[in-house]
Amino acid sequence: MSKLCLFDASGYIHRAFHAIPPLTNSKGEPLNAVYGFSRMISKVLKEEKPEYMAVCFDTPSPTFRHVQYAEYKATRTELDPSLVPQLPLAEALARAWGLPCIKMEGYEADDIIATLAVQAEHAGYEVLILSGDKDILQLVGPRIHVKDEIKKVEYDEAKVFERYGFKPQQLIDYLCLLGDKVDNVPGAAGVGEKTATKLIATHGSLEKIYEKLEENSPSLKEKLAAAKKQVFSNRDLIRLKTDVPFKEKISNLKIQSPDSATLSELLTRFEFRGGLYGVSDDVADPTLQANTKRVVHTVLSLASLKTLESKLKKAKRLSYDLETDGLDTSRCDIVGVAVSVEEGESWYIPVKHSYMGAPDQLPWIETSKVLQPLLEEKTLLKCGQNLKFDNAILERHGIFVVGPFFDTMIAAYCVDPGRNSFGLKDLAADILHERMTRIDELIGKSPDANFSFVPIEQAAPYAAADAEVVFRLVDVFNKKLDDEGTRELFENLEMPLVQIIQSMESTGIRVDVPYLADIGKSFEKQRRAIEQEIFKLAGEEFVLNSPKQLARILFEKLKLPPVKKTKTGFSTDEEVLNKLSQDHPICAKIILVRELGKLNSTYVESILKLVDEKTSRVHTSFNQTGTITGRLSSSEPNLQNIPIRTENGRLIRRAFVASPQQVLVSADYSQIDLRSLAHMSGDPALIEAFHQGGDVHAATASDMFNVALAQVTPEMRRSAKAINFGIVYGQQAYALSQSLNIPMDKAKEFIQKYFEKYAGVRAWIESTLENARKTMVVSTLAGRRRRVPEINSANSFTRGFAERVAVNTPIQGTSADIIKFAMIRVFDDLKKSHLKTKMLLQVHDELLFDCPKDELKKALPLIRHGMEGAFKLRVPLVVDIKTGHNWADMEKIKEPVAA
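Definitions and cut-offs
- Residues numbered from 1 in each chain as written.
- Predicted model: local features only at pLDDT ≥ 70, side-chain atom pairs only at ≥ 80, totals over all residues.
- Heavy atoms only, no water.
- Pairing = 2+ DSSP bridges.
- Helix = DSSP H or I, 4+ residues; strand = E, 2+ residues; numbered from the N terminus.
- Contact = heavy atoms within 4.5 Å.
- Axes fitted to C-alpha atoms, helices over the stretch in contact; angles between N-to-C directions.
- Parallel < 35°, antiparallel > 145°, perpendicular 65-115°, else oblique.
- Left-handed = near helix turned anticlockwise from the far one by under 90°.
- Nonpolar A, V, L, I, M, F, W, Y, C, P; charged D, E, K, R; others polar.
- Salt bridge = Lys/Arg side-chain N within 4 Å of Asp/Glu carboxyl O.
- Buried < 20%, exposed > 50% of the residue type's maximum accessible area, 1.4 Å probe, protein only.
- Polar contact = N/O pair within 3.5 Å; in protein donor to acceptor, adjacent residues only side chain to side chain.
- pLDDT = per-residue confidence, 0-100.
- Core = buried A, V, L, I, M, F, W, Y, C linked by side-chain atoms within 4.5 Å.
- Phe/Tyr/Trp six-rings, centres within 6.5 Å; stacked < 30°, edge-to-face > 60°.
- Lys NZ or Arg CZ within 6 Å of the ring centre and 35° of its normal.
- Expected span 1.5 Å × (residues − 1).
- Arc of directions from axis to C-beta.

## Considerations on the sheet that holds strand β5 (residues 144–148)
The strands making up a sheet associate through backbone hydrogen bonding, with each pair oriented either parallel or antiparallel.
Then step 1. Taken together, six strands build an open sheet; the order of strands is β3-β2-β1-β4-β5-β6 and the sheet is mixed. Each edge of the sheet is formed by a strand with only one pairing partner; in this case those strands are β3 (101–102) and β6 (153–155).
Then step 2. Sheet topology places β5 next to β6; three bridges connect them, and they run antiparallel. In the strand pairing of β6, Asp148 is matched with Val153.

In structure tokens:
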């Protein structure tokens, strides 16, 4: 039986626009709605595999409903200026894709969908409607289903009944009673969802409800009687048309082959290939082709290994890639190795494929005899994608790879840190226009999937492609690094960091497991006790994690004043609870319960699962390409976001301890962002404040409040600190008023006084914004570049966001670069001094070390000297050093340690 998919294009375009943050191509065209629309279309094609499809659009002209009811949709705001130009682009993309598109003046997309669905059902088709609109559920029947891709739910007749308590056809009368606020259709005043559901479930239709009107309470009877004319007239507005007079036949809705030229042109314009597009099977871009010309050699004998060895010895550049039976570098085994030393040719050496019938393979010891001398040779350029992964595994297998290195993932990051993906498959699609096989296509998505079970005849071309594609990308990125002016960033900062991060990950940090387990139990005990206190204050038990149930308790039962509203009702987020905490004690307790639950699940449980049972150490993964500003990010576990301002957060930090006979050393930059700002702005007052070595926040407060330094109160200093850092983050008066809980005019006054004191900062901000508008690029002192095309957007929200980015990126990015330079310098100094002190973590502006107690006198000066001399600014870099047995209880080294 043929399947017809009917896609509510207008609905999904609007949802994508509001769900996806502002996104533009390098020319500044807004594309977030088109991007979300294309991702959804791609997902539907891949998962549903329909033979027939119609992509249905609204038109801007009035419909028959506007003629019938002049106020129809009258309360809707005008389309956002950034959305308007995306609507025709989305349609053009769908048509180029080979998908039939339908729209008709005077009718909505839902009416077109309804007409096609009924026609197709009568013709014997299975119909799947892709829509998030509840009105469309009235069409559900034996052969018509509705799927909401966003909420991941598919409605058949049983599912509609489960949700509403009545049949799909009865949904029209239910909605007539409720009305539709979105479309400005009034219902029966005072009749809510529960009452409407009960009426329809009991009586079945509007006619029956009004026949039995006397059976209702006097109040409900009065409400229904007053609304009778309205609710019956609503039927013509809410019932979908099933007789739209278009000429399209179902047989004409067969999906066609894409118009490759037009589609390629659009994707190039949108910059939606690889890095931005990210569709897992590249179904959206027929211009991508698999490489059928690559020559792949499979090495299964000593003779062929010798042949390979002679070829490798003549190479000036070696691209290599490991295939493993897992992703944990501390445990996984090598299944095979792929190498390439010239374009169009690659070699795969299987060593541990273990499926039934697998041929004999060369033992690892024979393979390593060939690879080790080459990988440890000091002049051969070693190339790879995410080299720290491969090199960490090779090191565990006795091969200590020596540079020079070229990592294509890092090169892509230096060239364009704003890419959505730095994966090799996406780089190949984006740059080489080549479709590569993805790992889940080869091994599936099962948790038990393992590369060692893949037949060698399938594994060889897959692995060989990884090595050969990297080999070709090196030449491409070498040119791009020069064109973008980021070669020094790549060679002097990011590539030297790869080996340091690998060392940090391999070392890991020790965890006091019994202590952390006890903390988890304590958090859970506290959480349950506070939950009971909340239920007592509420007067009933309810599901605390349900925003809807919590909103009912707070705003209906306890009568607390709502602070803000979302699409689904009144918000109960942390900002709201903080504001209401003065009105009722329940709010502070809810915040605490949430904090305890998050700390337990996100940190305690996660860390305990990931601790190595033999060593009691946890090995976090540092991602060099995880942030657009240049900061490192951390995962499995994330050790960078453990809260330190709350006592409970500090309790978790206390679980990270020094190795036996050693001590933890924390070296933290003091006000690094403000020092970067002082240097870049050249503001005399800010520079002088840092050279004097005083308290910059107190100095700012002194001018803001017109008091002497000695008279600055902690509250004044807190306000000044908020402004100092607010300027760094591009904060405006509204945000400052919210963070300090002060009136807007007072926030404006504070900012005005700040700029009076630091006029150079204002001038720098203005010149930075002016330059960004011209070039649509901002950069750090080390040459890290970030594109900000949205800065010229017609949409004020999008433009404002880009302006904050343009100011913030040079400051925060420079701070991130400085600590990376410090990592390189300190790591090298410790190595040259033959010290056993190990760098463990980089968290924001802090480096954490594990130091033997008898090395402290030698290590501390090296750490301080390396960090404070990492980068030359107009103001001194200052490092605060602390030592202690655990990461929370540390004692500050009061006097500077002589270098």
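## Notes on the sheet that holds strand β26 (residues 846–852)
Then step 1. The sheet built from five strands is open, its strands ordered β25-β26-β22-β27-β28 with antiparallel pairing. Looking at strand neighbours, the two that pair on one side only are β25 (838–843) and β28 (891–892), the edges of this open sheet.
Then step 2. Its contacts with the sheet place helix α34 (residues 856–868) against β22 (662–669), β26 and β27 (879–884), and it is angled at close to 20° to β22.

## A word on the packing of helix α17 (residues 424–432) against helix α19 (residues 456–484)
Then step 1. One way to put it is that α17 packs onto α19 with a least axis distance of 10 Å and a crossing angle of 55°. One finds that α17 runs oblique with respect to α19. The element α17 and its partner α19 pack so that their crossing is left-handed. Along its contact with α17, which presents Leu424, Lys425, Leu427, Ala428, Ile431 and Leu432, the element α19 presents Tyr462, Asp466, Val469, Val470, Arg472, Leu473, Val476, Phe477 and Lys480.

## Details of the packing of helix α21 (residues 513–538) against helix α24 (residues 585–610)
Then step 1. In contact at an axis separation of 9 Å, α21 and α24 are set at 155° when each is read in the N-to-C sense. The angle between the axes of α21 and α24 places the two elements in the roughly antiparallel class. Handedness of the α21/α24 crossing: left-handed.
Then step 2. Across the contact of α21 with α24, the residue classes break down as 19 nonpolar, four polar and five charged.

## Looking at the pattern of salt bridges
Then step 1. The tally for this structure, following the rule as stated, stands at 60 salt bridges.
Then step 2. Residue Arg631 pairs with Asp673 through a salt bridge whose shortest N-O separation is 3.8 Å. In this pair, Arg631 sits in the loop between β19 (621–623) and β20 (633–635) while Asp673 sits in helix α26 (residues 672–681), placing the two residues 42 residues apart along the sequence.
Then step 3. For the salt bridge of Arg718 with Glu715, the shortest nitrogen-to-oxygen distance reads 3.0 Å. Separated by three residues within a single helix, Arg718 and Glu715 lie in helix α29 (residues 714–728), roughly one turn from each other.
Then step 4. On the accessibility criterion, Arg718 (39% relative accessible area) is partly exposed.
Then step 5. Taken together, the salt bridges that share partners define one network made up of Lys3, Lys43, Glu47, Glu48, Lys147 and Glu149.

## Observations concerning the side chain of Arg784
Then step 1. With respect to the secondary-structure elements, Arg784 resides in the loop between β23 (777–779) and β24 (785–787).
Then step 2. Polar side-chain contacts of Arg784 include one of 2.7 Å to the side chain of Asp817.
Then step 3. Once residues lying within four places of it in the same chain are set aside, the contact partners of Arg784 are Tyr413, Leu489, Leu493, Glu494, Thr629, Gly630, Val778, Ser779, Asp817 and Lys820.

## Brief notes about the pairing of strand β4 (residues 126–130)
Then step 1. The buried count for β4 comes to four of five residues, which makes it a mostly enclosed element.
Then step 2. Of the pairings in the sheet, the one linking strand β1 (residues 3–8) to β4 comprises five bridges and is parallel in character. Residue Cys5 lies in a different strand from β4, and its bridge partner there is Leu128.
Then step 3. Strand direction decides the pairing type here: β4 and β5, joined by four bridges, are parallel. Bridged to Leu130 within β5 is Lys147.

## Notes on the confidence of the model for the protein
Then step 1. Per-residue confidence for the protein gives a mean pLDDT of 88, with 96% of residues at or over 70.
Then step 2. Confidence, expressed as mean pLDDT per element, reaches its minimum in the protein at strand β16 (residues 565–566) with 70 and its maximum at strand β14 (residues 405–407) with 98.
Then step 3. In the model, residues 274–284 has pLDDT below 50 throughout and makes 44 contacts with residues more than four positions away in sequence or in other chains.

## Topic: helix α7 (residues 171–178)
Then step 1. Taking burial as the measure, the eight residues of α7 include seven buried ones, the bulk of the element.
Then step 2. Listed in full, the buried residues belonging to α7 are Leu171, Ile172, Asp173, Tyr174, Leu175, Cys176 and Leu177.
Then step 3. Its buried side turned inward, α7 meets α6 (157–164), β7 (179–180), α8 (193–203), α9 (206–211), α10 (218–226) and α11 (228–238).
Then step 4. At the C-terminal side of α7, Gly179 shows a positive phi close to 75°.

## Let's talk about the nonpolar core
Then step 1. Counting 177 residues, the largest nonpolar core has Phe656 and Tyr669 as its most contacted members.
Then step 2. Ignoring sequence-local partners within four residues, the contact set of Tyr669 consists of Ile818, Ile819, Ala822, Asp845, Met867, Glu868, Ala870, Leu877, Val878 and Val879.
Then step 3. Core analysis: the next-biggest nonpolar cluster, separate from the first, contains 53 residues, Ala54, Ala109, Ile200 and Leu206 among them.

## Section: the environment of Ile20
Then step 1. Along the chain, Ile20 turns up in the loop between α1 (9–19) and α2 (32–48).
Then step 2. Along the chain, Ile20 and Gly36 lie 16 residues apart, while their C-alpha atoms are 7.2 Å from each other.
Then step 3. Filtering out sequence-adjacent residues up to four positions away, Ile20 remains in contact with Asn32, Tyr35 and Gly36.

## Considering unusual backbone geometry
Then step 1. Of the consecutive residues Gly403 and Pro404, the connecting peptide bond is found in the cis state with omega at 15°.
Then step 2. Topologically, Pro404 is positioned in the loop between α15 (387–396) and β14.
Then step 3. Of note, the bond from Glu636 into Pro637 is cis; its omega dihedral lies within 30 degrees of zero at -5°.
Then step 4. You will see that Gln671, though not glycine, has its phi angle at about 50°, which is positive.
Then step 5. Among the secondary structure elements, Gln671 is positioned in the loop between β22 and α26.
Then step 6. Residues other than glycine seldom take positive phi values, yet His844 does so here, at roughly 55°.
Then step 7. Turning to its location among the elements, His844 is positioned in the loop between β25 and β26.

## Thoughts on the packing of aromatic side chains
Then step 1. Applying the stated criterion across every chain yields a total of 18 aromatic pairs.
Then step 2. Relative to Phe750, the ring of Phe705 lies with its centre 5.2 Å away and its plane at 70°, an arrangement referred to as edge-to-face. In this pair, Phe705 is assigned in the loop between α28 (696–704) and α29 and Phe750 in helix α31 (residues 744–757), connecting sequence segments 45 residues apart.
Then step 3. For Phe705, a relative accessible area of 24% gives the class partly exposed.
Then step 4. Following the ring pairs from residue to residue traces out a cluster consisting of Phe7, Tyr12, Phe37 and Phe57.
Then step 5. Directly above the aromatic system of Phe471 lies the positively charged group of Arg317, at a separation of 3.9 Å from the ring centroid.
Then step 6. Just above the ring of Trp887 sits the side chain of Arg653; from NZ or CZ to the centre is 3.8 Å.

## Some words on α31
Then step 1. If you check α31, its first and last C-alpha atoms are 20 Å apart, about what 14 residues at 1.5 Å a residue would give, namely 20 Å.
Then step 2. Residues of α31 that are buried: Ala747, Phe750, Ile751, Tyr754 and Phe755. All buried residues of α31 fall inside an arc of 130° around its axis, so they share one side. Facing away from the buried side of α31 by over 90 degrees, the exposed positions are Asp745 and Glu756.

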